Amino acid sequence: MTEVGMAKAKPGENGKAKTPLLEWIAAGVGLLLTLAMLAVIGREAWMNRSDQAPSISVAVTGITPTSPNYVVAFEARNMTGAPAAAV
Amino acid sequence: MITLSSPNSEYAIGLARAFGGAIIFGLPLLMTMEMWSLGFTAQPARLNLFLISNLVVLVGLSRFGGFERTSSFSQDVLDALAASGVGVIASAAVLGLFGLLDADMPAGQFVGMVAIQSVPASFGAMLARRQLSAKDSGDATCEKNSRSAHPASYGSQLFLMMAGALFLAFNVAPTEEMVLIGLKMTPWHSVAGVFASLAILHALVFAVGFAGQERAPEGYGVGRTFVAYTIPGYGIALLVSFYVLWTFGRADGGEISVVAGALIVLGFPASVGAAIARLVI
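Everything numeric in this text was worked out from a predicted model, so none of it was measured.

1. Structural notes on the overall build of chain A
Thinking step 1. If you tally the helices and strands in chain A, you get two helices and two strands.
Thinking step 2. What you see in chain A, going N to C, is helices and strands ordered as α-α-β-β.
Thinking step 3. Of all 87 residues assigned to chain A, the portion counted as buried reaches 18%.
Thinking step 4. Long-range pairs, those at least 24 residues apart, make up 35% of the contacts in chain A with a sequence separation of at least 6.
Thinking step 5. For chain A, the accessible surface area stands at approximately 6,400 Å², while carbon and sulfur atoms represent 65% of it.

Printed below as a string of structure tokens:
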């Protein structure tokens, strides 16, 4: 009987008798991050963004004259959740 | 000595190793272009299902992977959550380092990008933690004794095969090359692919050994191993491949022959993953 009791208090020779505090913290942070991730992606799923059209705004960030032409740098940004490819 | 062996500092060393494992296993995909957009082009509901499945697999890996044999189920859940958190943080850090994350990205894109990368990273974190959690002195013999005393069950061996297949399939599935190879292969190549996968799976299962065991169980000859491990292993590899393709939307709207071709292509690395699960996991 005592042996069983011992085994319960100390699981295995190399097992931890008590869960270290840091383990709780690490698991808690993991839980928070995982739930936040699921919530954000779940919201996307809920909003059913497939009816949304991608909205792309293009902004010129700089024009540099080169000898025969101009180099126009621009930034295209999709502000919706809907994916846009081959723009 | 006392401070070194305190449970908290031991766990901190474990966490550091988990980050190392997350980066090692995550890097090939962190540096794959297709992965940067998959997180938000994939259907969010499927992505969420995939993330939840990953958590379940992590709990299973903690349980069957030999990591802390004596631990309770709640311990496995804690480890899985910690590995998931490490995967998220490591992925976000590396993506940020590469300049791929932008503060004014829409939240969904930001999260999707990190979320999909966190899957292989959390896998790596869990595998690394398995190594670290074993304490040094005399532990190798201890583990061996425990293994021979409690041989891994058939179900847990199939689970490990599934985890190995998932990992390797996931590592190659996002790339464009997958689709291209599927198109290049003729039906004859595909048939050869099935036999090659089966042959490699069978040979590796024999050469590498069974999950949690040093050699084939007593009375398991070539034929019985083939029926008990190789055939189910290939089935698992194909199912896992289909699940990964479906998650990434690659199985949608395709003709059945095209999907089957893609399954055979992906089934090849998946069966290698299933076979070497014993080595990696």
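2. Structural notes on the environment of Asn-69 of chain A
Residue and element names in this part refer to chain A.
Thinking step 1. With respect to the element layout, Asn-69 can be found in the loop between strand 1 (56-65) and strand 2 (70-78).
Thinking step 2. The exposure class of Asn-69 is partly exposed, given its relative accessible area of 49%.
Thinking step 3. Along the primary structure Asn-69 and Leu-38 are separated by 31 residues, whereas in three dimensions their C-alpha atoms are 49 Å apart.

3. Describing the side chain of Asn-171 of chain B
Thinking step 1. Within the secondary structure, Asn-171 of chain B sits in helix 7 (residues 154-172).
Thinking step 2. Asn-171 of chain B has contacts with Pro-28 and Leu-29 of chain B, leaving out every residue within four places of it along the chain.

4. Observations concerning the confidence of the model for chain A
Residue and element names in this part refer to chain A.
Thinking step 1. Considering every residue of chain A, the mean pLDDT works out to 72; 64% of them sit at 70 or more.
Thinking step 2. Across chain A, the element-wise mean pLDDT spans from 38 in helix 1 (residues 2-9) up to 86 in helix 2 (residues 21-47).
Thinking step 3. The low-confidence segment residues 1-16, where pLDDT is below 50, has 13 contacts with residues more than four positions distant or belonging to other chains.

5. Things to note about the packing of helix 10 (residues 222-247) of chain B against helix 11 (residues 256-275) of chain B
Residues and elements named next belong to chain B.
Thinking step 1. Running from N to C, helix 10 and helix 11 cross one another at 120°; their axes reach a closest spacing of 8 Å. As judged from the angle between their axes, helix 10 and helix 11 are oblique. Where helix 10 crosses over helix 11, the handedness of that crossing is right-handed. Within the contact between the two elements, helix 10 uses Tyr-234, Ala-237, Leu-238, Ser-241, Phe-242 and Leu-245 and helix 11 uses Val-259, Ala-262, Leu-263, Leu-266, Gly-267, Ala-270 and Ser-271.
Thinking step 2. Here the residues of the contact of helix 10 with helix 11 are counted per class, giving 10 nonpolar, three polar and no charged.

6. A few points about the pairing of strand 1 of chain A
All names here are of chain A.
Thinking step 1. Burial of strand 1 is sparse: only zero of the 10 residues sit out of reach of the surface.
Thinking step 2. As defined by bridge partners, strand 1 adjoins strand 2 across nine bridges and the pair is classed as antiparallel. Paired with Ile-63 across the two strands is Val-72, which belongs to strand 2.
Thinking step 3. Between the end of strand 1 and the start of strand 2, which pair antiparallel, lie four residues.

7. As for the nonpolar core
Grouped burial of nonpolar side chains is what soluble globular proteins tend to show.
Residues and elements named next belong to chain B.
Thinking step 1. With 78 residues, the main nonpolar core has Leu-61, Phe-123 and Phe-170 as its most contacted residues.
Thinking step 2. In terms of residue count, the dominant contributor to this core is helix 5 (residues 107-133) (11 residues).
Thinking step 3. The contact partners of Phe-170, leaving out residues within four places of it in the chain, are Leu-29, Met-35, Phe-50, Ile-116, Val-119, Pro-120, Val-244 and Phe-248.

8. Quick word on the packing of aromatic side chains
All names here are of chain B.
Thinking step 1. Summed over all chains, the structure comprises eight aromatic pairs over all chains.
Thinking step 2. Between Phe-123 and Phe-167, the ring centres sit 5.2 Å apart and the planes meet at 25°, which makes this aromatic pair stacked. Linking Phe-123 in helix 5 with Phe-167 in helix 7, this pair joins segments that are 44 residues apart in sequence. A single burial state applies to Phe-123 and to Phe-167, both of which are buried.
Thinking step 3. Among the aromatic residues, those joined into a cluster by ring pairs are Phe-50, Phe-170, Tyr-243, Trp-246 and Phe-248.

9. Remarks on a nonpolar patch on the surface
Residue and element names in this part refer to chain A.
Thinking step 1. Together, Ile-56, Val-58, Val-60, Ile-63, Tyr-70, Val-72 and Phe-74 make up an exposed nonpolar region whose accessible area comes to about 730 Å².
Thinking step 2. If you list the elements that add at least two residues to the nonpolar patch, you get strand 1 and strand 2.
Thinking step 3. A per-element tally of the nonpolar patch places strand 1 first, with four residues.
Thinking step 4. Note that Phe-74 resides in strand 2.
Thinking step 5. Using a relative accessible area of 53% as the deciding quantity, one classes Phe-74 as exposed.

What counts, and at which threshold
- Residues numbered from 1 in each chain as written.
- Chains lettered and ligands numbered in written order.
- Predicted model: local features only at pLDDT ≥ 70, side-chain atom pairs only at ≥ 80, totals over all residues.
- Heavy atoms only, no water.
- Helix = DSSP H or I, 4+ residues; strand = E, 2+ residues; numbered from the N terminus.
- Buried < 20%, exposed > 50% of the residue type's maximum accessible area, 1.4 Å probe, protein only.
- Contact = heavy atoms within 4.5 Å.
- Areas by Shrake-Rupley, 256 points an atom, 1.4 Å probe, with all protein chains shown as cover.
- pLDDT = per-residue confidence, 0-100.
- Axes fitted to C-alpha atoms, helices over the stretch in contact; angles between N-to-C directions.
- Parallel < 35°, antiparallel > 145°, perpendicular 65-115°, else oblique.
- Left-handed = near helix turned anticlockwise from the far one by under 90°.
- Nonpolar A, V, L, I, M, F, W, Y, C, P; charged D, E, K, R; others polar.
- Pairing = 2+ DSSP bridges.
- Core = buried A, V, L, I, M, F, W, Y, C linked by side-chain atoms within 4.5 Å.
- Phe/Tyr/Trp six-rings, centres within 6.5 Å; stacked < 30°, edge-to-face > 60°.
- Patch = residues over 30% accessible without salt bridge, like charges linked within 9 Å, V, L, I, M, F, W, Y side chains within 5 Å.
- Salt bridge = Lys/Arg side-chain N within 4 Å of Asp/Glu carboxyl O.

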